[in-house]
Amino acid sequence: MNTTTKIYIAGHRGMVGSAIWRALVAKGYTNLIGRTSAELDLRSQQAVTEFFDIGNPEVVIDAAARVGGILANNEYPYQFLMENMQIQNNLIDASLKADVEKFIFLGSSCIYPKLAPQPLKEEYLLTAPLEPTNEWYAIAKITGVKACEAIRKQFGKDYISLMPTNLYGPFDNFDLRTSHVLPAMIRKFHEAKHQSTVDGRPSTVTLWGSGTPMREFLFVEELADAVVFALENQFQDNLYNVGTGVDLTIRELAELIQKTVGHTGEIIWDSSKPDGTPRKLMDVSKMTDAGWKAKVGLEEGIKRTYEWFLENQETFKQVKI
Ligand SMILES: NC(=O)C1=CN([C@@H]2O[C@H](COP(=O)(O)OP(=O)(O)OC[C@H]3O[C@@H](n4cnc5c(N)ncnc54)[C@H](OP(=O)(O)O)[C@@H]3O)[C@@H](O)[C@H]2O)C=CC1
Ligand SMILES: C[C@H]1O[C@H](OP(=O)(O)OP(=O)(O)OC[C@H]2O[C@@H](n3cnc4c(=O)[nH]c(N)nc43)[C@H](O)[C@@H]2O)[C@@H](O)[C@@H](O)C1=O
């Protein structure tokens with residue numbers, strides 16, 4: 001593995017994939033390949049096989065997936081289950097057949113049981129039922145973890161799974177129906193602040209659920225750094241949590257973002273929307289012991305994301321690679 005190793009980043013235009021791409025370029029990697037979903041539909045086994053025959057990647061990072069917040073997961077269970085299994089199965093199997101030396105699979109903290117003890121240790125996987133709003137996505141991700149683990153066990157290859165906590169940052173999805181909570185709050189508070197100046201009185205912001213669930217948030221550039229670390233180091237095991245090890249309530253998150261954006265109106269909690277899992281704080285000691293630790297605090301990460309949002313709000317998902 002060196003800076004000329006041919007690395008394929010699946011999902012290189014997404015929030016995570018583009019951050020990994022930028023991190024690798026910054027470290028001097030020169031042989032990166034990426035394809036958009038329009039150029040290569042990863043749900044097609046034939047298309048993926050043909051791409052691997054021609055592309056010959058030596059290392060594969062899987063940051064391609066159907067991704068969404070609590071509502072999208074709940075409303076499109078079939079797509080979240082099936083598309084994610086298709087994408088990851090095609091990538092993992094093609095990589096094994098093409099003798100890819102290293103594969104990094106990205107899952108999510110939602111793979112752990114809904115009511116598991118906190119903080120979540122890797123060993124809690126498959127010990128109790130999942131959270132119903134995202135069990136479809138979680139089951140797909142669990143099969144990806146297990147496929148990599150099986151390859152590691154049977155073929156001795158360096159295939160690993162990183163489980164990031166909730167992520168946010170530049171190139172996030174700011175669509176209010178399909179996004180995660182943090183980008184949704186940035187957009188809602190920003191638009192309400194703007195409306196207040198038009199109306200001459202404070203505008204309210206409506207958020208979902210009760211505000212009591214707890215979540216942990218990692219700035220996406222930190223995840224990219226963790227992926228590069230995993231790429232450059234041989235890990236002893238298959239499954240590693242990636243997070244900050246610190247969480248807060250959704251209500252506290254709202255107050256922090258409201259302050260950062262400078263909105264002063266009332267917050268209304270819409271109890272017809274789901275809360276999801278009550279808490280999913282990662283135990284990050286395995287990753288810390290391996291030598292990687294998060295550094296960017298939530299306030300700083302939100303500030304940097306809001307600055308990016310202000311510069312890109314006409315497009316929200318404009319990609320500049
Ligand atoms: N966002 C989060 O909070 C978290 C994300 N993760 C994981 O990180 C990874 C990346 O997520 P994120 O960057 O947020 O998601 P994005 O939605 O920003 O990016 C997803 C990427 O997947 C690609 N993709 C989707 N479907 C297909 C397809 N059929 N064929 C080819 N490419 C496809 C898209 O390509 P294109 O743009 O070309 O259409 C896009 O680049 C996922 O595995 C996700 O599960 C884990 C924990 C939390
Ligand atoms: C990363 C992770 O992301 C998903 O899980 P989630 O953490 O539950 O998702 P979320 O970010 O959408 O919501 C977090 C909390 O926030 C509350 N909430 C308030 N107001 C808004 C709001 O305006 N939008 C959203 N989306 N949520 C809101 C919302 O009700 C919930 O209590 C998984 O499906 C799965 O994809 C996964 O792995």
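Residues numbered from 1 in each chain as written. Chains lettered and ligands numbered in written order. Predicted model: local features only at pLDDT ≥ 70, side-chain atom pairs only at ≥ 80, totals over all residues. Heavy atoms only, no water.

### Notes on the site of ligand 1
Surveying the vicinity of ligand 1 reveals 27 residues, the closest of which are Met-15, Val-16, Ser-37, Tyr-137 and Lys-141. In the model, an oxygen atom of ligand 1 is placed 3.4 Å from a nitrogen or oxygen of the Arg-13 side chain. Put simply, the parts of the chain that give the shell around ligand 1 at least two residues each are α1 (15–26), α5 (135–155) and β6 (166–168). Class assignment of the residues belonging to the shell around ligand 1 gives a composition of 13 nonpolar, 9 polar and 5 charged. (Near = heavy atom within 4 Å. Polar contact = N/O pair within 3.5 Å; in protein donor to acceptor, adjacent residues only side chain to side chain. Helix = DSSP H or I, 4+ residues; strand = E, 2+ residues; numbered from the N terminus. Nonpolar A, V, L, I, M, F, W, Y, C, P; charged D, E, K, R; others polar.)

### What about the site of ligand 2?
Surveying the vicinity of ligand 2 reveals 22 residues, the closest of which are Ser-108, Lys-188, Arg-215, Pro-274 and Asp-275. In the model, an oxygen atom of ligand 2 is placed 2.6 Å from a nitrogen or oxygen of the Asp-275 main chain. For ligand 2, the accessible surface in isolation is 700 Å², of which the surrounding protein chains cover 98%. Per element, the largest residue contribution to the shell around ligand 2 is 3 residues, and it comes from helix α6 (residues 181–199). Within the shell around ligand 2, the residues separate by chemical class into 10 nonpolar, 8 polar and 4 charged. (Areas by Shrake-Rupley, 256 points an atom, 1.4 Å probe, with all protein chains shown as cover.)

### Thoughts on empty space enclosed by the protein
Using the criterion set out here, one finds 1 cavity of 30 Å³ or more in the structure. The space that makes up the largest cavity amounts to roughly 70 Å³. Lining the largest cavity, in full, are Ser-109, Cys-110, Tyr-112, Pro-113, Lys-114, Leu-120, Glu-131, Asn-134, Thr-277, Arg-279 and Lys-280. Residue composition of the lining of the largest cavity, grouped by class: 4 nonpolar, 3 polar and 4 charged. (1 Å grid on protein atoms, 1.4 Å probe; cavity = no way out; pocket = protein on both sides within 12 Å on 5 of 7 lines; lining within 4 Å. Points joined across faces, edges and corners; volume = space filled by probe spheres on them.)

### Observations regarding the UniProt feature "site: Important for catalytic activity" (unreviewed entry) in the protein chain
Per the UniProt annotation, the sites labelled "site: Important for catalytic activity" (unreviewed entry) are Ser-108 and Cys-110. The annotated residues contributing to the lining of the largest cavity are Cys-110. Tracing the backbone through its elements, the reader meets Ser-108 in the loop between β4 (102–106) and α5. If near-sequence neighbours (up to four positions away) are discounted, Ser-108 is found in contact with Tyr-137, Met-163 and Pro-164. For Cys-110, the location among the structural elements is in the loop between β4 and α5. Discounting chain neighbours no more than four positions away, the residues touching Cys-110 are Leu-130, Asn-134, Tyr-137, Ala-138 and Lys-280. (UniProt positions renumbered as here; feature names shortened; annotations may be inferred. Contact = heavy atoms within 4.5 Å.)

### Let's talk about the packing of aromatic side chains
A complete count under the given rule lists 12 aromatic pairs for this structure. With a centroid separation of 6.1 Å and 85° between ring planes, the pair formed by Tyr-8 and Phe-52 is classed as edge-to-face. A residue pair is termed long-range when its members are at least 10 positions apart, and Tyr-8 in strand β1 (residues 7–10) and Phe-52 in helix α2 (residues 45–55) qualify at 44 residues. Judged by its relative accessible area of 0%, Tyr-8 falls in the buried class. Linked through ring pairs, Phe-171, Phe-174, Tyr-306, Trp-308 and Phe-309 together constitute an aromatic cluster. The positively charged end of Arg-66 is found above the aromatic ring belonging to Phe-80, 5.9 Å away from the centroid. Directly above the aromatic system of Tyr-240 lies the positively charged group of Lys-286, at a separation of 4.7 Å from the ring centroid. (Phe/Tyr/Trp six-rings, centres within 6.5 Å; stacked < 30°, edge-to-face > 60°. Buried < 20%, exposed > 50% of the residue type's maximum accessible area, 1.4 Å probe, protein only. Lys NZ or Arg CZ within 6 Å of the ring centre and 35° of its normal.)

### Points about the nonpolar core
Tyr-8, Leu-42, Phe-52, Leu-91, Phe-103 and Tyr-112 are the most contacted members of the largest nonpolar core, which totals 38 residues. Contributing elements (two or more residues each) for this core: β1, α2, α4 (77–97), β4, α5 and β5 (158–164). In terms of residue count, α5 provides more of this core than any other element does, 6 residues in total. The contacts of Phe-52, once residues within four sequence positions are left out, are Tyr-8, Pro-57, Val-60, Leu-91, Ala-94, Ser-95, Ala-98 and Val-100. (Core = buried A, V, L, I, M, F, W, Y, C linked by side-chain atoms within 4.5 Å.)

### Observations regarding the state of the cysteines
Overall, the coordinates contain 0 disulfides when judged by the stated rule. Of all cysteine sulfurs in the structure, the one in Cys-148 sits closest to Cys-110, which takes part in no disulfide; the separation is 16 Å. On the basis of relative accessible area, Cys-110 is assigned to the buried category, the value being 6%. (Disulfide = S-S within 2.5 Å.)

### Considering the sheet that holds strand β3 (residues 59–62)
Reading across the sheet, the 6 strands line up as β2-β1-β3-β4-β5-β10 and stay open at both edges, with parallel pairing between neighbours. Every other strand in the sheet has two partners, leaving β2 (32–33) and β10 (239–242) as the edge strands with one partner each. Of the strand pairs in this sheet, β3 and β4 are connected by 4 bridges, and their pairing is parallel. The partner of Val-59 across the bridge, within β4, is Lys-102. The strands touched by α1 within the sheet are β1, β2, β3 and β4, with β1 carrying the most contacts at an inclination of about 155°. Against the sheet, helix α7 (residues 220–232) makes contact with β1, β3, β4, β5 and β10, and its axis sits at roughly 155° relative to β4, the strand it touches most. (Pairing = 2+ DSSP bridges. Axes fitted to C-alpha atoms, helices over the stretch in contact; angles between N-to-C directions.)

### Quick word on the packing of helix α8 (residues 250–261) against helix α10 (residues 298–312)
Following both chains from N to C, one finds α8 and α10 inclined at 50°, their axes separated by 10 Å at the closest point. What the angle tells us is that α8 and α10 run oblique. As α8 packs across α10, the resulting crossing turns out to be right-handed. Here Leu-253, Leu-256, Ile-257, Lys-259, Thr-260 and Val-261 of α8 come into contact with α10, specifically with Leu-298, Glu-299, Ile-302, Lys-303 and Tyr-306. Per-class residue counts for the contact of α8 with α10 are 7 nonpolar, 1 polar and 3 charged. (Parallel < 35°, antiparallel > 145°, perpendicular 65-115°, else oblique. Left-handed = near helix turned anticlockwise from the far one by under 90°.)

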